[in-house]
Amino acid sequence: METWLIIFILLPVLGFLISLIMPDSRENLVAWSAFGTLGIHLNLAVLFVGWWLIQGMPVLHGKEWILYETTGYTFFLTLYFDRITAAYLLVGSLLIFLVMLYSKTYLHREAGYKRYFNTTLLFFSGFSLAIFAGNFETLFMGWEILGISSFLLISFYRNRYLPVKNAVKIFSIYRIGDVGILLAMWMSHHLWHENITFLKLGNDALVSHHLEEHSMVGAFVSLALLVAAAAKSAQLPFSSWLPRAMEGPTPSSAIFYGSLAVHMGVFLMLRTFPFWEHQASVRVLVGLMGLTTALVASGIARVQSSIKSQIAYASIAQIGLMFIELALGFRDLVLLHVAGNAFLRTYQLLVSPSAVTYLIREQFYSYSPNQRSLENWLPCRLRNSLYLLSLKEWNLDSLMYRTLWNPLKWLGHKLDFLDLKRALLILLPIYAAGLMLLWQEDHIPASLHTWLPELFALIGLLAVLKSFVERKKVRLSLALIVMNHFWIALAISFNEKFEAVHTLLYLSGIVLSGAVGWAALHWLKKQDYGIDLDQFHGHVYQYPRTALLFFLAAVGLTGFPITPTAIGEDLLFSHIHENQMLLATFVSLSLIIDGLAAIRIYARVFLGPHVKTYHEVAHRSS
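It should be emphasised that the depicted structure is a prediction, and the values quoted were computed from it without experimental measurement.

Asks: Lay out the overall build of the protein chain with the relevant residues and their values.
Replies: In terms of regular secondary structure, the protein chain is built from 25 helices and four strands. Here the C-alpha radius of gyration of the protein chain, 25 Å, is about what a compact globule of 622 residues would show, namely 25 Å. Expressed along its principal axes, the backbone C-alpha trace of the protein chain runs to roughly 85 × 70 × 60 Å. Burial statistics for the protein chain: of 622 residues in total, 57% are counted as buried. The long-range fraction of contacts in the protein chain, counting pairs at least 24 apart against all pairs at least 6 apart in sequence, stands at 80%. Accessible surface computed for the protein chain: about 26,500 Å², of which carbon and sulfur atoms make up 64%. One way to put it: in the protein chain the 44 positive side-chain charges average out to a point 14 Å from where the 38 negative ones average out.

Pasting the structure below:
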């Protein structure tokens, strides 16, 4: 039966690869290749789950594919199947097939018709890999694919301002979730001293034994997972991103933010439930987060003027209830709730264009406001206060800016004196001195040696902060992103003696991606002089191949699993000691910001309204 698990992963990947070679002008061919892939996947899923039920619902665990192995560390991929996977598999396969049927007509004659089907198949590949994952490393690879495909579909109308701006904003939230999982993987390496599988995680005796001896480590892993789940499922304080994601096409909003992608945070907490179920403080925190989100999102949904925003906040409120059910231990109820909410929101989003028409007609001819509501029972002052807060969406966007992004931008602007020449003149000699210190590490005083990792990681963080706020020099921003990774590698190298191949594995993908990105920007600058980061340029309109090349370079710099950096990132993190929280914080912030800075360069240079006014300029919003 384990062979079938591989088929469910490879089938959407094969469909994605086939869709890439389809001609753009053949809409029917593009659509039917996707229907064929998804139809086969759906039928196989129904047959397999039926057979699995007849067999008595055994837990299936696939073989381990070792990608890299060294002393004390093994990076391997493995698959896993249980009732959680079965529920997500059936819901996902059925809904994505139905939405693709809808999309065939809905997107007829759209300029990005083929691109839409390509991206959706890429998303389903990541979704399948995530739900079948048998360990954190496999799950993380699927999780990353989900994030990138979300960015691409939100910015589907890539010659418009708001879809591109919102796609970058949402990617920043996703990046926080990515690093949440990375931190959980880091600390779990120190907890288990191995790449733990979800099969072993279900062993109550093993989990209890480890948590008794390392309760604080267990709490840290659980909180990191909760941050990742909250970011992915739009729970407080990350709730405001979901309505902004509706700038993409309606079918992608239905499949991503109504049914599948938005429930992946719930999936993460379901999958790791055996780990945190005995941590009472974590369960209380999960329940409180769900309760607060449900109350706040319900109020916001009631005052939204956009039907898509209403549906988005209503879905957030329901997911908040799922987290409450999880905290109470009702896992089977959560699976039923996920399926019901997914089907309902998909239906609501697909019929939303028609519903708006009907409601406008009804309001015009026979409008009768509701005379009684729940709010009428509240005191007038409290009712009005709640109304205003809900109308402003509880200032969740400004809260994120004030508490996270604005302080980082303020710090980055302190380095505005740096240009490319000064950055090289200042940072390269310091880096060379760091290499010399590493070479003479045995002769460094212990008091100084203790702080060297944090010092070099801080320098890397400052470099990428400058890249994040840079508004003029594109190549300076890219160079600082690459430098940041070199500073991270240098900082961690002071921690312990490990093979140089670990660092080379990490930096190989960075060097390759940086070189490709630099070459693409250099070529583009020769074609169109004066590229900066102060506005959107929209060069994908004229140079789609260069845009694709730079996009691959940008995601390579974020650790996307297309280069060895995806393995090297996890490998280097395993060399950060469990008592080095400051170092882990600096490195985590660096990874969040460098991913965002790389995608921001891509969005500013290649997406948005075209800088040349003789090209068509789209409306600001879709």
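Asks: How would you explain the packing of aromatic side chains if you had to name every residue and give the values?
Replies: Following the criterion strictly, the structure yields 33 aromatic pairs and no others. With a centroid separation of 5.1 Å and 80° between ring planes, the pair formed by F156 and Y157 is classed as edge-to-face. An identical accessibility class is assigned to F156 and Y157; each is buried. By the ring-pair criterion, three or more aromatic residues cluster together here, those being W4, F8, F48, W51, W52, F81 and F132. The ring of W143 carries the charged tip of K232 above its face, separated from the ring centre by 4.7 Å. R604 extends its terminal NZ or CZ atom over the ring of F536, reaching a point 4.8 Å from the ring centre.

Asks: Describe in detail helix 2 (residues 27-54), supporting the description with residues and values.
Replies: Taking 1.5 Å per residue as the helical rise, helix 2 with its 28 residues ought to reach 40 Å, and the 41 Å between its terminal C-alpha atoms agrees with that figure. Phi for G56, located one or two positions after helix 2, is positive at around 95°.

Asks: Give me the lowdown on the environment of L418, citing residues and values where you can.
Replies: Its location among the elements puts L418 in the loop between helix 18 (396-413) and helix 19 (420-439). Judged by its relative accessible area of 11%, L418 falls in the buried class. C-alpha separation for the pair L418 and A254, spaced 164 residues apart in sequence, amounts to 45 Å. Other than its neighbours up to four places away in sequence, L418 contacts A423, I426, K466 and L476.

Asks: Break down the nonpolar core for me, citing the residues and quoting the values.
Replies: Across soluble globular proteins, nonpolar side chains show a tendency to be buried alongside one another. One finds F81, Y88, W241 and V266 to be the most contacted residues of the largest nonpolar core, which totals 215 residues. For F81, the residues in contact, after removing those within four places along its chain, are L5, F48, V49, W52, P58, V59, L60, A86, L89 and F132.

So, how was this worked out
- Residues numbered from 1 in each chain as written.
- Predicted model: local features only at pLDDT ≥ 70, side-chain atom pairs only at ≥ 80, totals over all residues.
- Heavy atoms only, no water.
- Helix = DSSP H or I, 4+ residues; strand = E, 2+ residues; numbered from the N terminus.
- Rg over C-alpha atoms; globule rule 2.2 N^0.38 Å.
- Buried < 20%, exposed > 50% of the residue type's maximum accessible area, 1.4 Å probe, protein only.
- Contact = heavy atoms within 4.5 Å.
- Areas by Shrake-Rupley, 256 points an atom, 1.4 Å probe, with all protein chains shown as cover.
- Lys, Arg positive; Asp, Glu negative; His and termini not counted.
- Charge placed at Lys NZ, Arg CZ, Asp CG, Glu CD.
- Phe/Tyr/Trp six-rings, centres within 6.5 Å; stacked < 30°, edge-to-face > 60°.
- Lys NZ or Arg CZ within 6 Å of the ring centre and 35° of its normal.
- Expected span 1.5 Å × (residues − 1).
- Core = buried A, V, L, I, M, F, W, Y, C linked by side-chain atoms within 4.5 Å.

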